[in-house]
Amino acid sequence: MSQEQNTVCPTCNGKKEIEGKCECNSEWRGSQVGDDWQDCQCTPTIPCPTCKGTGVIKAAR
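Below or above, wherever it landed, is the structure these notes cover. (Residues numbered from 1 in each chain as written. Predicted model: local features only at pLDDT ≥ 70, side-chain atom pairs only at ≥ 80, totals over all residues. Heavy atoms only, no water.)

**Some points on the overall build of the chain**
A count of helices and strands for the chain gives 0 helices and 8 strands. Along the chain, from the amino end to the carboxyl end, the secondary structure elements read β-β-β-β-β-β-β-β. Per-residue burial over the chain gives 10% buried out of 61 residues. For the chain, the share of sequence-separated contacts (at least 6 apart) that also reach a separation of at least 24 residues comes to 63%. Surface accessibility of the chain: about 5,200 Å² in total, with carbon and sulfur atoms responsible for 47%. (Helix = DSSP H or I, 4+ residues; strand = E, 2+ residues; numbered from the N terminus. Buried < 20%, exposed > 50% of the residue type's maximum accessible area, 1.4 Å probe, protein only. Contact = heavy atoms within 4.5 Å. Areas by Shrake-Rupley, 256 points an atom, 1.4 Å probe, with all protein chains shown as cover.)

**A look at the environment of Cys9**
For Cys9, the position within the fold is in the loop between β1 (4-8) and β2 (17-18). Taking the relative accessible area as the measure of exposure, Cys9 reaches 0% and is therefore buried. Through-space distance from the C-alpha of Cys9 to that of Cys51 is 6.3 Å; in sequence the pair is 42 residues apart. Not counting residues within four places of it along the chain, the set of residues in contact with Cys9 comprises Gly14, Cys48, Thr50, Cys51, Gly55, Val56 and Ile57.

Take it as geometry only, folks, not as evidence of what the structure does.
Shown next, in the form of structure tokens:
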């Protein structure tokens with residue numbers, strides 16, 4: 001019978017998701033939402049592509 005060992009995912013450090021980042025700068029305008037301009041541009045939070053949102057990488061022994 002094979003035993004599985006789980007390793008913490010190095011891409012997301014076991015958090016299951018990669019958090020989005022925001023970049024703000026008052027010298028340029030990010031994007032227009034309706035009539036307002038937002039000074040910050042943010043990337044969305046996504047499930048980790050390496051561990052597929054589990055937080056661990058399973059390796060068969």
